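Take a look at the letters that make up each chain.
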Amino acid sequence: MGYELDMINRDPNNLNDHVRVMFDEVLGEPDGAHSFNCVWNCSYKCFECCKGCCYKSLTMCCGIPVAICWGCQFAYITFWHVWYITPCMRTYMISCGCLQKFYGTCLQCFCQPLFEAYSYCFSNIKVTSLTG
């Protein structure tokens, strides 16, 4: 494989910055409505502990099966792109190239002489103004 996991920075591409939640982003007491310091401190510790424990429990129970499902999903997508979608697109592009040449030839053979004839017919028209 040759790819090593970064066990420190587990989101190097910042894919999940939108779910990074800190205590002070969820709870905040405005001036004039403060609880006791011990309650606020304990609330912080409970929030962080429960968030961490719950996340770790969920990942322990569901992380591997979900990773397997996503691995299969991306394998399926890759398979269809490699073996079906890309060849179909290539076939389409080849056909479009052929049609483009055919269309260009038709324009040069039929439309170009017609428009050149029209341009000769209308080239001697002079427009004068009647204001005086």
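Residues numbered from 1 in each chain as written. Predicted model: local features only at pLDDT ≥ 70, side-chain atom pairs only at ≥ 80, totals over all residues. Heavy atoms only, no water.

S.K.: Please explain the overall build of the protein chain as it appears in this structure.
M.R.: Check the secondary structure of the protein chain and you find 2 helices and 0 strands. Whereas a compact globule of 132 residues would reach a radius of gyration of roughly 14 Å, the protein chain reaches 34 Å, over 25% beyond that. Overall, the C-alpha framework of the protein chain stretches about 95 × 60 × 25 Å when taken along its three principal axes. Out of the 132 residues belonging to the protein chain, those deemed buried represent 2%. Carbon together with sulfur atoms contributes 68% to the accessible area of the protein chain, which is approximately 12700 Å² in total. (Helix = DSSP H or I, 4+ residues; strand = E, 2+ residues; numbered from the N terminus. Rg over C-alpha atoms; globule rule 2.2 N^0.38 Å. Buried < 20%, exposed > 50% of the residue type's maximum accessible area, 1.4 Å probe, protein only. Areas by Shrake-Rupley, 256 points an atom, 1.4 Å probe, with all protein chains shown as cover.)

S.K.: Is there a simple way to explain the layout of surface pockets in this structure?
M.R.: A probe as big as a water molecule, rolled over the atoms, marks out the empty space that is left. Volume-wise, the largest pocket comes out at about 700 Å³. What lines the largest pocket is a set of 14 residues, and nearest its centre among them are Arg10, Asp11, Asn16, Val19 and Tyr55. Tallied by class, the residues present in the lining of the largest pocket amount to 7 nonpolar, 3 polar and 4 charged. Of the pockets and cavities examined, the second largest pocket occupies roughly 360 Å³. For the second largest pocket, the full set of lining residues is Tyr55, Leu58, Thr59, Cys62, Gly63, Val66, Ala67, Trp70 and Gly71. A per-class count over the lining of the second largest pocket returns 6 nonpolar, 3 polar and no charged. (1 Å grid on protein atoms, 1.4 Å probe; cavity = no way out; pocket = protein on both sides within 12 Å on 5 of 7 lines; lining within 4 Å. Points joined across faces, edges and corners; volume = space filled by probe spheres on them. Nonpolar A, V, L, I, M, F, W, Y, C, P; charged D, E, K, R; others polar.)

S.K.: Is there a simple way to explain the pattern of salt bridges in this structure?
M.R.: Opposite charge on two side chains permits them to pair, given that their charged atoms come into close proximity. With the rule as written, the count across this model stands at 2 salt bridges. In this structure, the salt-bridge partner of aspartate 17 is arginine 20, at a minimum N-O distance of 3.0 Å. For arginine 20, a relative accessible area of 52% puts it in the exposed group. Glutamate 48 serves as the salt-bridge partner of lysine 51, at 3.8 Å between the closest nitrogen and oxygen. (Salt bridge = Lys/Arg side-chain N within 4 Å of Asp/Glu carboxyl O.)

S.K.: Teacher, can you tell me more about the side chain of aspartate 11 here?
M.R.: Take aspartate 11: it is sitting in the segment before helix 1 (23-26). For aspartate 11, which is buried and forms no salt bridge, the nearest opposite charge comes from arginine 20, at a distance of 5.1 Å. Filtering out sequence-adjacent residues up to four positions away, aspartate 11 remains in contact with Asn16 and Asp17. (Lys, Arg positive; Asp, Glu negative; His and termini not counted. Contact = heavy atoms within 4.5 Å.)

S.K.: Sorry if this is basic, but what is going on with unusual backbone geometry here?
M.R.: Note on backbone geometry: most residues besides glycine have negative phi, and most peptide bonds are trans. Backbone geometry places asparagine 14, a non-glycine residue, at a positive phi of 55 degrees. Relative to the helices and strands, asparagine 14 resides in the segment before helix 1.

S.K.: What exactly am I supposed to notice about the packing of aromatic side chains here?
M.R.: Aromatic rings considered in pairs are described by the distance between their centres and by the relative angle of their planes. Evaluated as defined, the whole model comprises 8 aromatic pairs. Centre to centre, the rings of tryptophan 70 and phenylalanine 74 are 6.0 Å apart; their planes meet at 35 degrees, and the pair counts as tilted. One end of the pair, tryptophan 70, and the other, phenylalanine 74, are both in helix 2 (residues 37-122), 4 residues apart, so they sit about a helical turn from each other. With a centroid separation of 5.5 Å and an interplanar angle of 85 degrees, the aromatic rings of tryptophan 80 and tyrosine 84 are classed as edge-to-face. In this pair, tryptophan 80 and tyrosine 84 are both assigned in helix 2, 4 residues apart and thus about one turn of the helix distant. By relative accessible area, which is 46% here, tyrosine 84 ends up partly exposed. (Phe/Tyr/Trp six-rings, centres within 6.5 Å; stacked < 30°, edge-to-face > 60°.)

S.K.: Explain helix 2 to me, please; I cannot follow it from the model alone.
M.R.: An α-helix turns once per 3.6 residues; consequently, residues spaced three or four apart project the same way. In this model helix 2 runs just 91 Å from its N-terminal to its C-terminal C-alpha over 86 residues, more than 12% under the 128 Å that 1.5 Å per residue would give. Remark: the principal bend of helix 2, roughly 50 degrees, maps to cysteine 62, with a proline, proline 65, within the next four residues. (Expected span 1.5 Å × (residues − 1). Bend = angle between axes of the 7 residues up to and from the residue.)

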